[in-house]
Amino acid sequence: MPKNPERRRALADAGLRVLATAGARGLTHRAVDTEAGVPVGTASNYFRSRDALLGALGERIMERFAPDPAVVATLAAREPGPDLFVDYLRYIIERTTREPELTRALIELRLEAARRPGLAAVLGATLRGGYRADVAYHATTGLPGGAFEIALMHYAIDGLLLDMLTTPIDADLDPDEVVRAFAARLVTSSADGDSAG
């Protein structure tokens, strides 16, 4: 594998732009080369197969979605409770909608993974690793909710993002109102012990 990590990231970012605008069918090594403005064959030198390319895009999305340590430190310094949980959820929405093409690309990848077992294995490992990290973070910071509630949070946030960044069922709905409702219900569920996990 070529050893230039900066070039690899630039190619992955170009691939994400192609994926977000042209969908999985439009994503080819040549399209990535064109988008990145590099010689033909460059992307295939870094990503030998289509599954390797798609898997690398999933990893790059997670890198770019990573929270700002300074913001996390500020949040973590606060007293755990429902208001803090709402602010964590707000920060997730802010990060994942700041660059909407990233979330659209992730949606495309998840759909493509349903058709490609190789991609499903790589992307699934990435997504499950993120979920486990979220569960561990809640456990160590005193935020409400266990593994089941964190899974519910992921399902809720993923659905909200799908609605916000594609064709909404209610274009007038305030995302912040939805986030506050999610948090209230998850905190209540956790406090009541109404959990399957």
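Residues numbered from 1 in each chain as written. Predicted model: local features only at pLDDT ≥ 70, side-chain atom pairs only at ≥ 80, totals over all residues. Heavy atoms only, no water.

Chemist: Mind laying out the side chain of Arg-60, listing which residues take part and the relevant values?
Modeler: Within the secondary structure, Arg-60 sits in helix H4 (residues 50-65). Overall, the relative accessible area of 15% leaves Arg-60 in the buried class. There is a polar contact of 2.9 Å between the side chain of Arg-60 and the side chain of Glu-63. Every residue in contact with Arg-60, bar those within four places of it in the chain, is listed here: Arg-9, Ala-12, Asp-13 and Leu-16. (Helix = DSSP H or I, 4+ residues; strand = E, 2+ residues; numbered from the N terminus. Buried < 20%, exposed > 50% of the residue type's maximum accessible area, 1.4 Å probe, protein only. Polar contact = N/O pair within 3.5 Å; in protein donor to acceptor, adjacent residues only side chain to side chain. Contact = heavy atoms within 4.5 Å.)

Chemist: Give a detailed account of the packing of H4 against helix H8 (residues 117-141), specifying residues and quantitative values.
Modeler: Running from N to C, H4 and H8 point in directions that differ by 15 degrees, and their axes come no closer than 9 Å. By the criterion of interaxial angle, the relationship of H4 to H8 is roughly parallel. Regarding H4 and H8, the two cross each other, and that crossing is right-handed. Only Gly-118, Leu-119, Val-122, Leu-123, Thr-126 and Leu-127 of H8 make contact with H4, whose side of the interface consists of Asp-51, Leu-54, Gly-55, Gly-58, Glu-59 and Met-62. (Axes fitted to C-alpha atoms, helices over the stretch in contact; angles between N-to-C directions. Parallel < 35°, antiparallel > 145°, perpendicular 65-115°, else oblique. Left-handed = near helix turned anticlockwise from the far one by under 90°.)

Chemist: For the environment of Ala-24, give the residues involved together with the corresponding values.
Modeler: With respect to the element layout, Ala-24 can be found in helix H1 (residues 5-26). Residue classification places Ala-24 among the buried residues on the basis of a relative accessible area of 5%. Measuring from C-alpha to C-alpha, the distance between Ala-24 and Glu-108 comes to 6.4 Å, with 84 residues separating the pair along the chain. When neighbours within four sequence positions are excluded, Ala-24 is seen to be in contact with Leu-19, Arg-50, Glu-108 and Glu-112.

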